[in-house]
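If you want the building blocks of each chain, they are given just below.
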Amino acid sequence: LAILAPSPIQVSESFIKAHTEKLSFNIFFYHSGKIPKILNDDNLLMERSKANMARYFLKTKIFGKSLSFDEFALFESMKSNKIDLVLTEYGTTGVSAMNVIKMLNLPLIVHFHGYDAHHYELVSANRNV
């Protein structure tokens, strides 16, 4: 199970901590950014080295995948970790990662918490995603 969140677990986000600690799955916690860039505690998904930039260019531009560098890093990590289910914390995170999740053909559960479910302009803007 991949859990995606926009930031490391905050004190006020005890629900996310509970998801990462109490669900009976092998958990991969991706966080930090609109498209999460860090896995678990502090493992950067992919550095922007020349080699990684070349790999990104070859795999996305030549083979026709439409991904940003951060999406590509998440895609590669989720693929190598054999993720088979994704839980996103907040609707906005689910929308941001949707491209990667669709390309990997993974089921997605979006956990709404308040702002993302009750801010009507935000909900309306993402209604058809």
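This one's a predicted model, so the numbers in the text were calculated from it and none came from an experiment.

Reading the values: rules and limits
- Residues numbered from 1 in each chain as written.
- Predicted model: local features only at pLDDT ≥ 70, side-chain atom pairs only at ≥ 80, totals over all residues.
- Heavy atoms only, no water.
- Patch = residues over 30% accessible without salt bridge, like charges linked within 9 Å, V, L, I, M, F, W, Y side chains within 5 Å.
- Areas by Shrake-Rupley, 256 points an atom, 1.4 Å probe, with all protein chains shown as cover.
- Salt bridge = Lys/Arg side-chain N within 4 Å of Asp/Glu carboxyl O.
- Helix = DSSP H or I, 4+ residues; strand = E, 2+ residues; numbered from the N terminus.
- Buried < 20%, exposed > 50% of the residue type's maximum accessible area, 1.4 Å probe, protein only.
- Pairing = 2+ DSSP bridges.
- Axes fitted to C-alpha atoms, helices over the stretch in contact; angles between N-to-C directions.
- Parallel < 35°, antiparallel > 145°, perpendicular 65-115°, else oblique.
- Contact = heavy atoms within 4.5 Å.
- Nonpolar A, V, L, I, M, F, W, Y, C, P; charged D, E, K, R; others polar.
- Arc of directions from axis to C-beta.

(A) Up close: a nonpolar patch on the surface. A cluster of nonpolar residues, F57, L58 and I62, forms a patch on the protein surface that exposes about 300 Å² of accessible area. On the secondary structure map, L58 appears in helix α2 (residues 50–62). According to the relative accessible area criterion, L58 is partly exposed, its value standing at 43%.

(B) Spatial organisation of unusual backbone geometry. Within the chain, K82 stands out as a residue other than glycine whose phi angle is a positive 55°. Mapped onto the fold, K82 is located in the loop between α3 (69–80) and β5 (86–89). K82 sits in the exposed class, given a relative accessible area of 70%. For Y90, which is not a glycine, the phi torsion comes out positive at approximately 90°. Considering the arrangement of structural elements, one finds Y90 in the loop between β5 and α4 (91–103). Looking at Y90, the relative accessible area reads 18%, which means it is buried.

(C) Seen up close, the pairing of strand β2 (residues 28–31). Where burial is concerned, the two faces of β2 agree: the one with F28 and Y30 and the one with F29 and H31 are both buried. Judged from the three bridges that link them, strand β1 (residues 2–4) and β2 form a sheet pairing that is parallel. Within β2, the residue paired with A2 across the bridge is F28. Inspection of the sheet shows β2 paired to strand β3 (residues 38–39) by two bridges, in the antiparallel sense. The residue of β3 that forms the bridge with Y30 is L39. Taken together, β2 and the strand that follows it, β3, pair antiparallel across an intervening segment of six residues, in which S32 is found at a positive phi of about 80°.

(D) How the structure looks around the packing of α2 against α3. Remark: α2 packs on α3, axes separated minimally by 11 Å, with the N-to-C direction vectors making an angle of 85°. Judged on the interaxial angle alone, α3 and α2 are roughly perpendicular. Contacts between α2 and α3 involve N52, M53, R55, Y56, K59 and T60 on the former and, on the latter, F69, F72 and E76. A breakdown of the residues in the contact of α2 with α3 according to their chemical character gives four nonpolar, two polar and three charged.

(E) Quick peek at helix α1 (residues 14–22). Of all the positions in α1, only I16, H19 and T20 are classed as buried. For α1, the angular spread of the buried residues around the axis is 90°, confining them to a single face. Exposed side chains of α1 directed beyond 90 degrees from the buried face belong to S14, E21 and K22. Buried residues in α1 make contact with β1, β2, β5 and β6 (108–111).

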